[in-house]
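Observations on chain architecture
For reference, the chains in residue letters:
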Amino acid sequence: MRWGVEQRLEFIEFRLFWEGAINRGDLVEQFGVSVPQASKDLSLYQEWAPGNMRYDTRAKRYFAEPEFMLRFLDPDPYVYLSRLRSVTEGVVPLEESWFGAIPRADVAVTPRRDVDIEVLRAVLRAIREDRSVDVLYQSMNKVRPEPTWRRISPHAFGYDGFRWHVRAYCHLEHSFKDFLLPRILEVGELAAPGESGKADWLWNNYFDIIIAPHPGLTPSQQLVVAKDYGLPDGKGTVSVRYAMLFYVLKKLGLLGSPEKDDPRRQHIIAVNKRDVQEALDKSNASQGLILSDTATNAAGGK
């Protein structure tokens with residue numbers, strides 16, 4: 001099946017599954033195909049997924065049948081919710097989202113972090129060509145309070161839920177570090193690379209955080225938290241790169257002693273707390289993070 005045809009069949013199924021109905025006009029508007037082609041696509045979908053939809057002559061629309069079965073899409077609620085979030089945040093235009101009747105929604109907004117497009121392009125080029133690049137970087141630590149030119153060899157990107165950073169070998173400090181993209185003020189010349197990303201142990205190795213509902217919750221509350229976090233046996237594992245460990249723990253509220261926090265606000269704890277702290281110490285020691293300064297930590301310790 002050609003890619004364009006398969007994409008339109010996926011669109012038909014998306015509308016039927018999530019919104020319950022579709023007509024030829026939806027295909028015409030979304031893909032710019034002719035009315036005859038839209039009719040052909042709907043007929044083809046009926047051939048591939050018999051019993052999934054019926055045509056209502058009065059409404060002039062196809063409606064999903066009660067025994068609807070997915071044939072082209074994975075039944076993942078996060079696909080739908082990620083699209084909804086992208087539209088709500090204005091990242092994706094409504095007309096590109098596949099939504100017909102979009103529900104009212106909002107997100108907890110955070111200030112948009114400014115990333116210079118030329119900085120991003122230069123970093124991407126350095127990664128793509130396996131080279132190093134000079135950057136003028138504004139650190140937040142006391143050692144370098146003013147913007148400093150330094151050479152980095154980038155190899156990956158990280159996102160902590162609020163900010164993007166580039167993972168790179170720092171030629172100045174001879175170690176792998178995180179550099180926030182908005183704090184790269186200028187970029188200079190590309191040159192020969194330093195250490196390869198293959199040598200970044202913290203990036204290439206993972207640690208398992210074992211989480212469970214907060215013991216201070218009632219049994220029924222613990223059950224719903226287990227359901228919320230996908231913990232079928234009352235606990236579960238979150239596998240995290242060592243280089244991303246601090247960010248994940250911070251986001252989950254697992255830094256410090258979450259078991260002492262109010263369970264109404266902190267719903268989970270780390271079962272393997274001692275191992276988590278040892279892994280975090282290893283990560284912080286390698287990256288030069290200062291645990292007492294959470295603002296510095298969140299920025300990657302620079």
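On a predicted model such as this, the values are computed, not experimentally measured, just so you know. Here the residue numbers are simple positions, counted from 1 along each chain's written sequence. Residues qualify for local features only when their pLDDT is at least 70, as the model is predicted, and side-chain atom pairs are given and counted only at 80 or more; totals for whole chains, interfaces and linings, by contrast, use all residues. Only hydrogens and water are set aside when side-chain values are computed; all heavy atoms of the structure are taken into account.

**Here we look at helix α3 (residues 35-48)**
Note the threshold: Going along the chain from the N terminus, every DSSP run of H or I of four or more residues is numbered as a helix, and every run of E of two or more is numbered as a strand. Take the residue count of a helix, subtract one, and multiply by 1.5 Å to get its expected span. Residue burial is assigned from relative accessible area. The probe radius is 1.4 Å, only protein chains are included, and a residue is buried under 20% of its type maximum, exposed over 50%, and partly exposed in between. Picture the helix axis, draw a direction to every C-beta atom, and the arc is the one those directions span.
The terminal C-alpha atoms of α3 lie 20 Å apart, and with 14 residues this matches the ideal 20 Å at 1.5 Å per residue to within 8%. When α3 is considered as a whole, its buried residues turn out to be A38, D41, L42 and Y45. In a view along the axis of α3, the buried residues occupy a sector of 95°, so they form one face of it. For α3, the exposed residues lying more than 90 degrees away from the buried face are P36, K40 and E47.

**Things to note about the nonpolar core**
Inclusion rule: Throughout, nonpolar core names a set of buried Ala, Val, Leu, Ile, Met, Phe, Trp, Tyr and Cys residues whose side chains join them through atoms within 4.5 Å.
Core analysis: the largest hydrophobic core is formed by 24 residues, its most contacted members being F207, I209, I211, L245, L249, L254 and V276. Among the elements that make up this core, the one with the highest residue count is helix α8 (residues 245-252) (four residues). Residues V5, I22, A38 and F72 belong to the second largest nonpolar core, which totals 22 residues.

**Some thoughts on unusual backbone geometry**
We note that W98 has phi near 80°; this positive angle belongs to a residue other than glycine. Its place among the elements puts W98 in the loop between α4 (77-88) and α5 (117-128). According to the relative accessible area criterion, W98 is buried, its value standing at 8%.

**Re the domain arrangement of the protein**
The cut-off we apply is this: These domain boundaries are the output of an automatic or database domain assignment.
Per the domain assignment, the segments making up the protein are domain 1 (1-75), domain 2 (77-109), domain 3 (117-197) and domain 4 (205-287). Computed over C-alpha atoms only, the centres of domain 2 and domain 3 are separated by 32 Å.

**A look at the packing of helix α1 (residues 3-19) against α3**
Just so we agree on the cut-off: Orientation is described by lines fitted to C-alpha atoms, with helices fitted over the stretch in contact, and by angles between N-to-C directions that extend from 0 to 180 degrees. Roughly parallel means an angle under 35 degrees; roughly antiparallel, over 145; roughly perpendicular, 65 to 115; everything else is oblique. Any two residues whose heavy atoms approach within 4.5 Å at even a single point are treated as in contact.
Close contact between α1 and α3 brings their axes to 10 Å; oriented N to C, the two are set at 70°. Here α3 runs roughly perpendicular to α1, going by the angle between their axes. Here V5, R8, L9, I12, E13 and L16 of α1 come into contact with α3, specifically with Q37, D41, L42, L44 and Y45.

**Description of the sheet that holds strand β7 (residues 175-180)**
Quick reminder of the rule: Two strands qualify as a pair provided DSSP detects at least 2 bridges between them.
What the five strands build is an open sheet, ordered β7-β6-β5-β4-β8; its pairing is antiparallel. Each edge of the open sheet carries a strand with a single partner, namely β7 and β8 (184-191). Here the average twist between neighbouring strands, direction ignored, is 45°. When strand β4 (residues 132-137) meets strand β5 (residues 148-159), the two strands line up antiparallel, connected through five bridges. Opposite D134, over in β5, you have R151 as the bridge partner.

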